[in-house]
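# An overview of the molecular structure
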Amino acid sequence: GGQILLRGGNGDSDIVFKAQASTATPAERVRINNTGLVIKDSALEFDKPSVFGFQFLHNDAGNDLSIRQGDANNANYVTRFNINSSGNVGIGLTSGISSKLHVNTEMSLGPDANNRGIINYSSNILSFGTRQSSTNYFSTLKITNGEVGIGRTPVELLDIQGSAAGQLTIAR
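Residues numbered from 1 in each chain as written. Predicted model: local features only at pLDDT ≥ 70, side-chain atom pairs only at ≥ 80, totals over all residues. Heavy atoms only, no water.

### As for the overall build of the chain
- Looking only at helices and strands, one finds zero helices and 17 strands in the chain.
- A total of 172 residues make up the chain; the buried ones form 20% of that total.
- For the chain, the proportion of contacts with a sequence separation of at least 24, taken over those separated by at least 6, is 2%.
- For the chain, the accessible surface area stands at approximately 11300 Å², while carbon and sulfur atoms represent 54% of it. (Helix = DSSP H or I, 4+ residues; strand = E, 2+ residues; numbered from the N terminus. Buried < 20%, exposed > 50% of the residue type's maximum accessible area, 1.4 Å probe, protein only. Contact = heavy atoms within 4.5 Å. Areas by Shrake-Rupley, 256 points an atom, 1.4 Å probe, with all protein chains shown as cover.)

What follows is the structure, given as structure tokens:
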């Protein structure tokens, strides 16, 4: 049999739960620190019944820090944010974070969901668009294979599409 050890006091304001298997040295399993945060398996967990659960994970091997979010039952955690050992930040990525800020697929700039600029990378196309008063203008500017398209996906070095009645294409 094993034992469970509950320790506190003596200048250590944390409550530490340790357990051991038969003759092994007891290993820390859960810690409640002096602010009431629960730390389990090197992860800082916020679990409240009426709020989505969050975990802060530290990967000792790669010195990465991850923030994961659980569902309404504080289960099925998904990684939302990573800081890797180089200090690079990834949003929506768990690996391949290659620059100081690396965002998976889309970023928005603006005051609200209906009035914003949008930067997107999908299917080898970098696109810039806007959403104004709830109307989308996603094809404003597209870049792919060294070609630039305004109002359309480019098929030439510079490809411009105007109104439905006219189109202007400039080729090399």
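### Let's talk about the pairing of strand β15 (residues 147-150)
- In β15, alternate side chains face the same way, and those of E147 and G149 are buried while those of V148 and I150 on the opposite face are not.
- As paired elements, strand β14 (residues 135-144) and β15 share four bridges and run antiparallel to each other. Within β15, the residue paired with L141 across the bridge is I150.
- Hairpin geometry of β14 and β15 is characterised by an intervening segment of two residues between the two adjacent antiparallel strands and by a positive phi of about 50 degrees at N145.
- Of the pairings in the sheet, the one linking β15 to strand β16 (residues 158-161) comprises three bridges and is parallel in character. Across the sheet, the residue bridging to G149 is D159, located in β16. (Pairing = 2+ DSSP bridges.)

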